[in-house]
Amino acid sequence: MMKIDSVKDLKNLRDKLKSAENLKKATVMVKVSMSTCGIASGARETMDYFINELDNKAIDASVIKTGCMGYCYAEPTIELSKPGKEPVIFGYVDTKRAQEIIDKYIVADEELVGIIPLNFETVN
Amino acid sequence: MAKLKKQIRIALRNCGFINPENIDEYIARDGYMALGKVLETMSPEETIEEIKKSGLRGRGGGGFPTGLKWELTRKVDAEQKYVVCNADEGDPGAFMDRSILEGDPHSVIEAMAINAFCTGASKGLVYIRAEYPLAIERLKIALKQAREYGFLGNNIFGSNFSFDIEIRYGAGAFVCGEETALIHSMEGLRGEPGVKPPFPSEKGYQGMPTNVNNVETYANIPVIILEGADWFNKIGTEKSKGTKVFALAGKVNNVGLVEVPMGITLREVIFDIGGGIKDGKKFKAVQTGGPSGGCLTEAHLDTPIDYDNLINAGSMMGSGGMIVMDEDDCMVSMAKFYLDFTVEESCGKCAPCRIGNKRLYELLDKITEGKGTDEDLFKLRNLATVIKDTSLCGLGQTSPNPVLSTMDNFPEEYEAHVKDSKCFAGQCKALMQYIIEEDACTGCTLCVRVCPVDAISGERKMAHFINQDTCIKCGACMEKCKFGAIYIG
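Every chain's residues receive numbers from 1 upward, in the order its sequence appears when written. The order in which chains are written sets their letters, starting at A; the order in which ligands are written sets their numbers, starting at 1. With the structure being a predicted model, the display of local features is reserved for residues of pLDDT at least 70 and the display and counting of side-chain atom pairs for 80 or more, all residues being used for whole-chain, interface and lining totals. Only heavy atoms go into the side-chain values, all of them from the structure, while hydrogens and water stay out.

A. Local environment of the overall build of chain B. A run of H or I in DSSP counts as a helix once it spans at least four residues, and a run of E counts as a strand once it spans at least two, with each numbered from the N terminus. Broken down by element type, chain B carries 20 helices and 14 strands. Principal axes of the C-alpha set define a box for chain B whose edges measure 90 × 50 × 40 Å. In chain B, which comprises 489 residues, the share counted as buried stands at 59%. Where accessible areas are quoted, they stem from the Shrake-Rupley method and a 1.4 Å probe; at the residue level, only the protein chains shown are allowed to cover. Of the roughly 19,000 Å² that chain B leaves accessible, carbon and sulfur atoms contribute 50%. Positive charges come from Lys and Arg alone, negative charges from Asp and Glu alone, with His and the N- and C-terminal ends not counted. Every charge is mapped onto a representative atom, which is NZ of Lys, CZ of Arg, CG of Asp or CD of Glu. Counting 55 positive and 67 negative side-chain charges, chain B places the averaged centre of each group 2 Å from the other. Partly exposed residues are those whose accessible area sits between 20% and 50% of the maximum for their type, while under 20% is buried and over 50% is exposed, using a 1.4 Å probe and protein chains only.

Here it is in structure tokens:
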């Protein structure tokens with residue numbers, strides 16, 4: 001890994017990473033909330049399930065682990081983004097629910113009830 | 001939708017959005033840009049001035065102005081200085097710091113480096129409880145990655161500033177959140193607080209000037225540097241700027257981690273964000289500040305939350321635990337619960353805290369057993385005041401707060417326990433009686449068979465009776481009765 005010696009270096013790296021991330025946005029992205037609480041509620045199984053199922057169905061997608069999203073009451077939670085659409089948050093995602101999300105929301109492109117409304121703004 | 005967005009995420013800006021184990025995702029969201037900006041374009045004095053101007057105050061509970069703390073450490077001449085991150089989160093039901101370290105460890109590392117540059121430190125220490133294995137693991141990964149890019153180590157950003165961070169583990173003692181006790185613990189001594197002054201900014205770790213800040217305080221720093229103090233201090237109230245993360249727990253529908261601007265009301269947090277009380281029950285009280293804080297009632301629901309308002313209301317901000325209670329919660333039992341915690345966690349160094357809290361607990365226990373007297377109520381208040389006034393550190397100085405605030409806000413509950421041997425909430429078992437409604441009882445004898453202590457008697461097909469002296473109040477009879485003939489009186 002290269003050492004960053006100046007803000008200019010860092011800006012270049014940031015821009016490169018940002019455009020790489022924008023490329024990812026052209027595919028399905030599943031972020032699984034994996035902090036201690038999420039894992040205790042089964043987030044690891046949920047994440048493995050998404051990885052395997054999306055792979056089996058040959059869907060171009062990335063599954064990423066993140067920290068706590070703050071919806072403790074609805075763990076495990078995921079944030080799902082499809083190309084060209086705003087990301088949405090699903091709660092109580094066990095493997096059964098994960099299957100439903102893959103089949104209906106991702107593959108069939110149907111609307112799904114039970115989306116948790118985004119209740120905050122972030123600075124970034 | 002607009003109504004729902006009562007939260008602004010500054011400290012939690014990346015939590016849940018980035019992979020905490022991949023530094024590139026942090027960099028893509030302007031990570032380490034604040035450190036770069038400070039090292040290339042700002043002097044330590046200018047940076048401290050910016051933090052002071054932002055109005056940021058310590059998020060661990062004390063609310064001391066962060067910029068001023070940095071300045072105090074900077075002003076002391078010493079060969080070696082330290083910056084410390086206090087990740088010893090000890091309030092029951094609080095998990096803000098853990099979530100930040102698990103979700104966005106780099107923001108804390110970046111802020112510690114900025115702090116070190118300002119105060120003139122070259123070594124950083126994160127004091128974290130060993131009960132947070134995942135946070136430790138992710139922090140270690142983050143430290144390694146930061147070193148690889150050169151954000152830690154020698155000549156950071158090509159400057160002559162060098163800095164690195166080590167991790168120190170705590171055994172999970174509540175008192176070690178107090179900065180002098182924390183420093184003692186890091187030095188391998190007993191986790192006992194010392195007398196202040198001298199403050200850690202003069203004589204801290206290894207006798208050297210040490211700046212201790214909380215995880216959440218650090219998480220705010222990079223944003224303040226990048227967005228500017230003027231942007232930050234527009235959020236919040238006159239004396240409390242920015243946002244606060246709360247761990248919303250208890251009898252509320254949407255239990256979770258929330259970050260709200262200072263000045264929001266408790267009602268907005270509990271009812272709008274928290275979705276109201278579980279099972280449609282009635283709101284009774286909310287405990288903020290954990291075992292050091294107090295309980296607030298319906299009368300405080302519209303008070304804007306900031307450091308000073310909460311203190312005036314008889315509680316405190318604390319590190320951000322917020323436990324909501326409903327009509328089924330007994331306030332005397334609640335105070336007893338927190339006292340039980342304090343008695344366990346008192347380090348035992350000073351007598352008021354060691355002995356006083358134990359006696360306070362015993363008095364509360366007596367009251368919940370229905371054996372309290374008027375004199376006990378007087379003693380309770382008196383002793384609580386003495387402990388507050390004479391304890392050495394923050395733990396003892398604040399531990400009677402749950403007792404005092406419940407006595408002030410719910411005097412009728414204490415009276416009822418003492419005078420009428422009644423617990424409104426039905427939580428104090430010793431004060432409850434299981435009674436069989438004669439008219440409703442069919443004499444089926446099912447209750448007789450489930451009673452583990454043979455306290456129920458009566459002829460078959462005739463009304464039954466419970467012998468209150470033998471009854472252990474297990475409730476098995478009420479659960480089994482098919483006719484709803486047994487009630488709590």
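B. Looking closely at the side chain of B:Asp104. All names here are of chain B. You can see Asp104 is positioned in the loop between helix H5 (96-103) and helix H6 (105-119). For the buried Asp104, which has no salt bridge, the nearest side chain bearing the opposite charge is Arg13, at an N-O separation of 4.4 Å. What qualifies as a polar contact is a pair of N or O atoms within 3.5 Å, subject to a donor-acceptor requirement within protein and to the restriction that residues adjacent in sequence count only when both atoms come from side chains. Reaching out from Asp104, the side chain makes a polar contact with the side chain of Asn14 at a distance of 3.1 Å. Salt bridges are defined by distance alone: a side-chain nitrogen of Lys or Arg within 4 Å of a carboxyl oxygen of Asp or Glu.

C. Structural detail: the pattern of salt bridges. Residue and element names in this part refer to chain B. Per the stated rule, a full pass over the model turns up 40 salt bridges over all chains. For Glu71, the salt bridge identified is with Lys52, shortest N-O distance 3.0 Å. Here Lys52 lies in helix H3 (residues 44-54) and Glu71 lies in helix H4 (residues 66-75), a separation of 19 residues in the sequence. Between Asp328 and Lys281 there is a salt bridge, and its shortest N-O distance comes to 2.7 Å. With Asp328 in the loop between strand E10 (321-326) and helix H13 (331-345) and Lys281 in the loop between helix H11 (266-273) and strand E8 (283-288), this pair connects stretches of sequence that are 47 residues apart.

D. Representation of the packing of aromatic side chains in the model. Two rings belonging to Phe, Tyr or Trp (six-membered ring only in the last case) form a pair when the distance between their centres is within 6.5 Å. Interplanar angles under 30 degrees mark stacking, angles over 60 mark edge-to-face geometry, and anything in between is tilted. According to the stated counting rule, one finds 12 aromatic pairs over all chains in the structure shown. With 6.1 Å between their ring centres and 75° between their planes, A:Phe120 and B:Phe17 make a pair best called edge-to-face. Of the two residues, A:Phe120 sits in strand E6 (residues 120-122) while B:Phe17 sits in the loop between strand E1 (7-9) and helix H1 (23-28), which places them in two different chains. Ring geometry for B:Phe151 versus B:Phe157: centroids 5.7 Å apart, planes at 35°, classification tilted. Each of the two residues, B:Phe151 as well as B:Phe157, counts as buried. Each member of the aromatic cluster is reached from another via a ring pair, and the members are B:Tyr26, B:Tyr32, B:Tyr149, B:Phe151 and B:Phe157. Above the plane of the ring of A:Tyr105 lies A:Lys82, whose end atom (NZ or CZ) is 3.9 Å from the centre. The rule is short: NZ of Lys or CZ of Arg within 6 Å of the ring centre and within 35 degrees of the ring normal puts a charge over the ring.

E. Representation of unusual backbone geometry within the structure. B:Pro197 follows B:Lys196 through a cis peptide bond whose omega is -5°. Secondary-structure assignment places B:Pro197 in the loop between helix H8 (179-186) and strand E5 (210-214). For the peptide bond that leads from B:Pro197 to B:Pro198, omega is 0°, which places it in the cis range. You can see B:Pro198 is positioned in the loop between H8 and E5. Phi is positive for A:Ala58, which is not a glycine, with a value near 55°. By secondary structure assignment, the location of A:Ala58 is in the loop between helix H3 (43-56) and strand E2 (61-66).

F. Here's a closer look at the state of the cysteines. All names here are of chain B. When two cysteine sulfur atoms are found within 2.5 Å, that pair is recorded as a disulfide. Going through the model one piece at a time under the given rule, you end up with zero disulfides over all chains. The thiol of Cys423 is unpaired, and the distance to the nearest cysteine sulfur, on Cys428, comes to 3.7 Å. You can call Cys423 buried: its relative accessible area is 12%. Unpaired in terms of disulfides, Cys447 finds its nearest cysteine sulfur in Cys441, a separation of 6.0 Å. Assessed through its relative accessible area of 10%, Cys447 is described here as buried.

G. Spatial organisation of the interface of chain A and chain B. Here, residues are in contact when the closest pair of their heavy atoms is within 4.5 Å. On the chain B side, the residues contacting the 40 residues of chain A number 51 residues. Interface of chain A and chain B: buried area, both sides summed, is about 4,000 Å²; carbon and sulfur atoms make up 59% of it. Where chain A meets chain B, there are two salt bridges. Note that B:Asp30 is salt-bridged to A:Arg14, the shortest N-O span being 2.7 Å. Only helix H1 (7-24), helix H2 (36-40), E2 and E6 of chain A provide two or more residues apiece to the side of chain A that touches chain B. Using a 1.4 Å probe, buried area is obtained as the accessible area two parts lose upon being combined, added over both of them.

H. Examining the domain arrangement of chain B more closely. Domain assignment breaks chain B into domain 1 (8-232), domain 2 (243-326), domain 3 (331-419) and domain 4 (433-488). Segmentation of the chain into domains, including their bounds, is taken from an automatic or database domain assignment. If you average the C-alpha positions of domain 2 of chain B and of domain 4 of chain B, the two centres end up 41 Å apart.

I. Quick look at the environment of B:Ala425. All names here are of chain B. By the secondary structure assignment, Ala425 is in the loop between helix H18 (411-419) and strand E11 (434-436). Along the sequence, Ala425 and Asp328 sit 97 residues apart, while their C-alpha atoms lie 4.6 Å from each other. Here Ala425 is in contact with Lys284, Glu327, Asp328, Asp329 and Cys330, once residues within four sequence places are set aside.

J. Layout of the packing of helix H2 (residues 33-41) of chain B against H6(B). All names here are of chain B. Interaxial angles span 0 to 180 degrees and are taken between N-to-C directions of axes, which are lines fitted to C-alpha atoms, for helices over the stretch in contact. Their axes nearest at 9 Å, the elements H2 and H6 cross at an angle of 15°. Relative to H6, the element H2 lies roughly parallel. Here H2 runs over H6; the crossing is left-handed. Residues Met33, Ala34, Leu35, Val38 and Leu39 of H2 lie in contact with H6, whose contacting residues are Glu110, Ala113, Ile114 and Phe117. Under the convention adopted here, Pro, Cys and the residues Ala, Val, Leu, Ile, Met, Phe, Trp and Tyr are nonpolar, Asp, Glu, Lys and Arg are charged, and Gly plus all remaining residues are polar. Its residues assigned to classes, the contact of H2 with H6 shows eight nonpolar, no polar and one charged. In what follows, roughly perpendicular refers to angles from 65 to 115 degrees, roughly parallel to angles under 35, roughly antiparallel to angles over 145, and oblique to any angle outside these ranges. Should the near helix be turned counterclockwise from the far one by less than a right angle, the crossing is left-handed, whereas a clockwise turn marks it as right-handed.

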